[in-house]
Amino acid sequence: MNLDSKIPSGPLEEKWEKHKFEMKLVNPANRRKYDVIVVGSGLAGASAAATLGGHGYNVKCFCFQDSPRRAHSIAAQGGINAAKNYQGDGDSVHRLFYDTIKGGDFRAREANVHRLAEVSRNIIDQCVAQGVPFARDYGGLLDNRSFGGAQVSRTFYARGQTGQQLLLGAYSALNREINRGSVKMYSRTEMLDVVVVDGKARGIIVRNLITGEITAHTAHAVILASGGYGNVFYLSTNAKGCNVTATWRAHKRGAGFANPCYTQIHPTCIPVSGDYQSKLTLMSESLRNDGRVWVPKKQNDKRTAAEIPESERDYYLERKYPSYGNLAPRDIASRSAKEACDSGRGVGPGGLGVYLDFADSIKRLGEDAIKKRYGNLFHMYQKITAENPYKTPMRIYPAVHYTMGGLWVDYNLMSNIPGLFVLGEANFSDHGANRLGASALMQGLADGYFVIPFTLPNYFANEKFEPVNESDPAFKQTLDEVQTRTTKLLSIKGNRSVDSFHKELGKIMWDKCGMARDKSGLEEAIKKIPQLREEFWQNVKVLGDEKDLNQSLERAGRVADFLEFGELMCRDALHREESCGGHFRTEHQTEDGEAKRNDDKFCYAGVWEFKGDGKPSELHKENLTFENVKLATRSYK
Amino acid sequence: MDLTLHVWRQKNSKSDGHMEIVEAKDVSEHSSFLEMLDVVNENLLGQGKEPIAFDHDCREGICGACSLVINGEPHGPEYGTTTCQLHMRSFKSGQHVYIEPWRARALPVLKDLIVDRTSFDRIQQAGGFVSSNTGSPQDANALPIPKPDADKAFDAAVCIGCGACAAACKNASPMLFVAAKVSQLAILPQGKPERERRVLAMVDQMKKEGFGNCTNQYECEAACPKEISVEHIARMNREYFRAAILEEPEKQGHGGD
């Protein structure tokens, strides 16, 4: 597997500018001769499709939802980082770059992260020009808040629904191109495979979710912007439809999967309340600006929050990390919550919860000020729990939220399959082993608006393309394979529902490959998952028709992929004998329980190559070199 | 709690539908409405019956995928709440619960409780955008926007495009949905250059899709899970009249009259 990262030469600060100039362009009159497929319509997909359409390429965009506006980027709450330094508190491109590298526990590529920090500023300009109503102060200028892992206020926001506003901005840009005829939108259409012809990605196979019809689409390049794989855990903050299918099927066609074990467990989510539960709800990290996290000092303390006096509370983040306090990065805050609960000091039913308390802020700023900042989040919390967070502290617990791993890409966001590009959460490139808050929106839009529009033309201009069409053998064969698999799922007629398999897989993943991992647990998971997968293919029960809208069938295909993917995730976690960011191996920790990296052995991206069903995947390494930052132990104390 | 559900079942857009009675036993009051349906679906599957199809995705009230008319009310009895955030504590044991899809000619049923809302996308495609190329716009702070304007635009921009407004309206009018976008962009300076063209094109597309018009009953505001005010419809009407007087209707996007 060729893992040439293609990082441009020259000083870090000049790489992107220099590369942009050196890359080849496609003449405006020739652009319409190139067909581009974009899979996914979230921030990365919609911004890429809109921009490439605007440039004159012939774009087809696909999403499984009923409208591109529903992609899960819409649910991002807190904000988007940008090194604008509007607050004059010492921010700069270099500081955002450094914070992101450090936040990722030194497991990301320097050059990619620096480019991300550079273009972060353009994103805000672009979104404001589209009419995105960011929060403003009374002078009419943009307001900022601070987020975990940073000591400056660089996060732009739109109340507690920044993702919604940014996605609707990208959706409106996409709509403009659909209106102009440069983008054709296919909603309720799910990608089920990539077609590789002569080593290049030349199209995809899709299923129309209304008619059940399976068809092929050709293109000169395929862009996957299909999001992350957090739903491998069943319970996560992801939307129910989020899945690994697009990236996993691409992996099975040869694309390397990098660092699948890097998953982010978000510290502030509403705790699980029962086994009927279908998903977990995030409470934005921004709440940690004004909320204080605590548990009782005593074990098994059954008193209500109000009954516990100040002196008997442990504000453990403030105690352990005085300089960052409640704004410690996500991986650290999550693990600390787990430790507090594991030590018997958790609150609420089952003891799996910690308090997030706003009493001090309400006293200091007044209830109105808090309502203005977080009104919709408090409202949502009350809806779900029937408790009033203005009066009693919220109860929160960590939940799976984001996945840093993804398909391997080079500096140009191209995978190791020529012509297959991967953007946003679906790739592995920018967040290392842990993503900082408000950086997912930044990366999605950076990739779609400001990176792929430069790197894709360079690919076109340097390649020669043989004409392909849907009746070519490669397309026919891939389509047949998809068809056979779909028919098979309906023909098993077993006794167990798709959901029951998904829940069982999720429990294995959470117990053995969740917030803390160890060798024996991972080995156990690696034994159990193939057994579960085998049972799935013999005993799953899917009703309904193939040529019809069939939600059980859709889910069955996705869960089948999770059952393959989960095993790879555990293998990756097992091989990485160190703790870094979101990957915490209990065997590798410092005396005070912090993650212990092993830079001598594991300063690389672990990239897995698929070798065939039932055969072990092969590990390849892209070594990470740090020329501009010193590898250091992360400290937020 | 135990409930008797009366659910609309329809095989596809071509077949006729009917109400079907489904019993829901031992429902937890802490579960959400959709989680209650998940459990019902698992039971149906166990009995060899096809599960009830319904749209849903984020399950936190923001994607706009979930719908359902529950006991005659879009998104059910709770004010300012999407179906996915409606919890079973709003119901009583022994209650009969009627669950139907959105009903409007321009939102045809695809299966059971799922409707086709692509008409909403086409209305947005007709003009719900600012024509701003990706590139190098001016610095975001070069143009201050008074906070009250930004806040008002935001209040309109929270629309999730679920379709409850059209489902609640006796005229099947999605005017609140259309107005939310028109109003957001009419308030902000970035939307000004295209304001006439936008409102004419979007309203025109709304009519072409077969939706009705607004007769000021405000059912939409009462049903809107994001509590968007009909004030935005008033602003859109003003925008529309203003545009109709000021502008020679453009051929593009206005039916060529």
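Residues numbered from 1 in each chain as written. Chains lettered and ligands numbered in written order. Predicted model: local features only at pLDDT ≥ 70, side-chain atom pairs only at ≥ 80, totals over all residues. Heavy atoms only, no water.

## What to know about the overall build of chain A
Then step 1. Scanning chain A from terminus to terminus reveals 16 helices and 19 strands.
Then step 2. Radius of gyration (C-alpha) of chain A: 24 Å, near the 26 Å computed for a compact globule of 637 residues.
Then step 3. With respect to the principal axes defined by its C-alpha atoms, chain A has extents near 75 × 60 × 50 Å.
Then step 4. In chain A, once contacts between residues fewer than 6 apart in sequence are set aside, the share between residues at least 24 apart is 74%. (Helix = DSSP H or I, 4+ residues; strand = E, 2+ residues; numbered from the N terminus. Rg over C-alpha atoms; globule rule 2.2 N^0.38 Å. Contact = heavy atoms within 4.5 Å.)

## A word on the packing of aromatic side chains
All names here are of chain A.
Then step 1. By the definition in use, this model includes 34 aromatic pairs over all chains.
Then step 2. Taking 5.8 Å as the distance between ring centres and 40° as the angle between the ring planes, the aromatic pair formed by Phe-602 and Tyr-604 counts as tilted.
Then step 3. Residue Phe-602 is classed as buried on the basis of its relative accessible area of 7%.
Then step 4. According to the relative accessible area criterion, Tyr-604 is buried, its value standing at 4%. (Phe/Tyr/Trp six-rings, centres within 6.5 Å; stacked < 30°, edge-to-face > 60°. Buried < 20%, exposed > 50% of the residue type's maximum accessible area, 1.4 Å probe, protein only.)

## Re the packing of helix α12 (residues 473–491) of chain A against helix α15 (residues 551–575) of chain A
All names here are of chain A.
Then step 1. Viewed as axis vectors pointing N to C, α12 and α15 meet at an angle of 105°, and their least axial separation amounts to 10 Å. Comparing the axis directions of α12 and α15 gives the class roughly perpendicular. Across from Arg-485, Thr-486, Leu-489 and Leu-490 in α12, the residues of α15 making contact are Leu-553, Ala-556, Gly-557, Ala-560, Asp-561 and Glu-564.
Then step 2. Looking at the contact of α12 with α15, its residues break down into five nonpolar, two polar and three charged. (Axes fitted to C-alpha atoms, helices over the stretch in contact; angles between N-to-C directions. Parallel < 35°, antiparallel > 145°, perpendicular 65-115°, else oblique. Nonpolar A, V, L, I, M, F, W, Y, C, P; charged D, E, K, R; others polar.)

## As for the interface of chain A and chain B
It is common to report an interface's size as the accessible area lost on association of the parts.
Then step 1. Taken residue by residue, the interface counts 75 residues in chain A and 80 residues in chain B.
Then step 2. In total, about 6300 Å² of surface goes out of reach between chain A and chain B, with carbon and sulfur atoms giving 49% of it.
Then step 3. Our count for the chain A to chain B interface comes out at eight salt bridges.
Then step 4. Its salt-bridge partner being Lys-383 of chain A, residue Glu-78 of chain B comes within 3.9 Å of it at the nearest N-O pair.
Then step 5. Linking chain A to chain B there are 43 residue pairs in polar contact (both at pLDDT 80 or more).
Then step 6. Elements with a contribution of two residues or more to the side of chain A that touches chain B: α4 (110–129), α5 (162–180), α10 (367–385), α11 (440–462), α13 (498–513) and α15 of chain A.
Then step 7. For the side of chain A that touches chain B, the element with the highest residue contribution is α5 of chain A, accounting for nine residues.
Then step 8. A class-by-class count of the residues in the side of chain A that touches chain B yields 28 nonpolar, 29 polar and 18 charged. (Buried area = accessible area lost by both parts, 1.4 Å probe. Salt bridge = Lys/Arg side-chain N within 4 Å of Asp/Glu carboxyl O. Polar contact = N/O pair within 3.5 Å; in protein donor to acceptor, adjacent residues only side chain to side chain.)

## Comments concerning the domain arrangement of chain A
All names here are of chain A.
Then step 1. Once the domains are mapped, chain A shows domain 1 (265–400) and domain 2 (479–623).
Then step 2. Of note, the centres of domain 1 and domain 2, computed from C-alpha atoms alone, are 30 Å apart.
Then step 3. At the junction of the two partners, domain 1 supplies 12 residues and domain 2 supplies 10 residues.
Then step 4. Interface of domain 1 and domain 2: buried area, both sides summed, is about 870 Å²; carbon and sulfur atoms make up 61% of it.
Then step 5. On the domain 1 side of the contact with domain 2, Ile-265, Arg-335 and Lys-338 bury the most area, a combined 52% of that side's loss.
Then step 6. Linking domain 1 with domain 2 are zero salt bridges.
Then step 7. Counting the contacts that link domain 1 with domain 2 gives three residue pairs in polar contact (both at pLDDT 80 or more).
Then step 8. Looking at the side of domain 1 that touches domain 2, the elements that each hand over two or more residues are α8 (330–345) and β15 (394–403).
Then step 9. At six residues, α8 tops the list of elements feeding residues into the side of domain 1 that touches domain 2.
Then step 10. Residue classes in the side of domain 1 that touches domain 2 are distributed as six nonpolar, one polar and five charged. (Domains from an automatic or database assignment.)

## Thoughts on the nonpolar core
Where a protein is soluble and globular, its nonpolar side chains tend to be buried together.
Then step 1. Ile-80, Phe-134 and Phe-536 of chain A are the most contacted members of the largest nonpolar core, which totals 227 residues.
Then step 2. A per-element tally of this core places α15 of chain A first, with 12 residues. (Core = buried A, V, L, I, M, F, W, Y, C linked by side-chain atoms within 4.5 Å.)

## Some thoughts on α15 of chain A
All names here are of chain A.
Then step 1. With 25 residues, α15 should reach 36 Å at 1.5 Å per residue; the first-to-last C-alpha distance of 36 Å fits that figure.
Then step 2. Across the 25 residues that make up α15, a large majority, 23, are buried.
Then step 3. Backbone nitrogen of Ser-552 and a side-chain oxygen of the N-cap are separated by 3.2 Å at the start of α15; the cap is Asn-550. (Expected span 1.5 Å × (residues − 1).)

## Notes on the domain arrangement of chain B
Residue and element names in this part refer to chain B.
Then step 1. The domains assigned to chain B are domain 1 (3–111) and domain 2 (118–246).
Then step 2. The C-alpha-based centres of domain 1 and domain 2 are spaced at 29 Å.
Then step 3. On the side of domain 2, 21 residues touch domain 1, which itself brings 15 residues to the contact.
Then step 4. With both chains or domains summed, domain 1 and domain 2 bury close to 1300 Å², and 63% of this area falls on carbon and sulfur atoms.
Then step 5. By the criterion of area lost to domain 2, the three top residues of domain 1 are Pro-74, Tyr-79 and Ala-106, representing 33% of everything that side buries.
Then step 6. For the pair domain 1 and domain 2, the interface holds zero salt bridges.
Then step 7. For the pair domain 1 and domain 2, the interface holds three residue pairs in polar contact (both at pLDDT 80 or more).

## Digging into the side chain of Gln-125 of chain B
Then step 1. Tracing the backbone through its elements, the reader meets Gln-125 of chain B in helix α2 (residues 118–127).
Then step 2. Gln-125 of chain B gets classed as buried once you look at its relative accessible area, which sits at 15%.
Then step 3. For Gln-125 of chain B, the contacting residues outside a window of four places in its chain are Asn-175, Ile-178 and Asn-179 of chain A.

## Here's the deal with the sheet that holds strand β8 (residues 214–218) of chain A
All names here are of chain A.
Then step 1. Strand order in the open sheet formed by three strands is β6-β7-β8, with antiparallel pairing between adjacent strands. Edge positions in the open sheet fall to β6 (189–197) and β8, since each of these has one partner strand only. Sheet twist, expressed as the average angle between the axes of neighbouring strands with direction ignored, equals 30°.
Then step 2. Two elements, β6 and strand β7 (residues 200–208), share eight bridges in a ladder whose sense is antiparallel. Bridging from a neighbouring strand, Val-196 pairs with Ala-201 of β7. (Pairing = 2+ DSSP bridges.)

## Notes on the environment of Ser-284 of chain A
Then step 1. Tracing the backbone through its elements, the reader meets Ser-284 of chain A in the loop between β11 (263–269) and β12 (292–296).
Then step 2. For the pair formed by Ser-284 of chain A and His-266 of chain A, sequence separation is 18 residues and the distance between their alpha carbons is 9.2 Å.

## Focus: the sheet that holds strand β3 (residues 69–70) of chain B
All names here are of chain B.
Then step 1. Read from one edge to the other, the open sheet built from five strands follows the order β2-β1-β5-β3-β4, with strand pairing classed as mixed. If you trace the sheet from one side to the other, it starts and ends with β2 (17–24) and β4 (73–74), each paired once.
Then step 2. Where β3 and β4 come together, two bridges link them in antiparallel fashion. Looking across to β4, one finds that Val-69 is bridged to Pro-74.

## A short note on the side chain of Asn-412 of chain A
Residues and elements named next belong to chain A.
Then step 1. Tracing the backbone through its elements, the reader meets Asn-412 in the loop between β16 (406–407) and β17 (420–422).
Then step 2. Classification of Asn-412 as buried rests on a relative accessible area of 10%.
Then step 3. Residues in contact with Asn-412, not counting those within four places in the same chain, are Lys-6, His-19, Met-23, Phe-421 and Thr-455.

## Describing unusual backbone geometry
All names here are of chain A.
Then step 1. Residues other than glycine seldom take positive phi values, yet Lys-6 does so here, at roughly 55°.
Then step 2. Following the sequence through the fold, Lys-6 ends up in the segment before α1 (15–22).
Then step 3. You will see that Asp-198, though not glycine, has its phi angle at about 50°, which is positive.
Then step 4. Tracing the sequence through the fold places Asp-198 in the loop between β6 and β7.
Then step 5. The exposed category is assigned to Asp-198, whose relative accessible area is 71%.

## Overview of α12 of chain A
All names here are of chain A.
Then step 1. In this model, α12 (19 residues) spans 26 Å end to end at C-alpha, consistent with the 27 Å of a helix rising 1.5 Å per residue.
Then step 2. Buried within α12 we find Phe-475, Thr-478, Val-482, Arg-485, Thr-486, Leu-489 and Leu-490. End-on view of α12: buried residues confined to an arc of 140°, all on one side of the axis. More than 90 degrees from the buried face of α12, the exposed residues found are Pro-473, Lys-476, Gln-477 and Thr-484.
Then step 3. Among the structural elements, β6, β7, β8, α6 (245–252), α14 (519–539) and α15 are those in contact with the buried residues of α12.
Then step 4. One or two residues past the end of α12 sits Lys-493, with phi positive at roughly 50°. (Arc of directions from axis to C-beta.)

## Some details on the pattern of salt bridges
Then step 1. Across all of its chains, the model carries 78 salt bridges over all chains by this definition.
Then step 2. Measuring nitrogen to oxygen at the nearest pair gives 2.8 Å for the salt bridge that ties Asp-38 of chain B to Arg-59 of chain B. On the criterion of sequence distance, the pair formed by Asp-38 of chain B in helix α1 (residues 33–46) and Arg-59 of chain B in the loop between α1 and β3 is long-range, its members being 21 residues apart. Comparing Asp-38 of chain B with Arg-59 of chain B shows no difference in burial state: the two are buried.
Then step 3. The closest approach of N and O atoms between Asp-204 of chain B and Lys-208 of chain B, which form a salt bridge, is 3.5 Å. With Asp-204 of chain B and Lys-208 of chain B both in helix α6 (residues 195–208) and four residues apart, this pair spans about one turn of that helix.
Then step 4. Several salt bridges share partner residues, and in doing so they unite Asp-105, Arg-107, Asp-331, Arg-576, Glu-578, Arg-597, Asp-599 and Arg-634 of chain A into one network.

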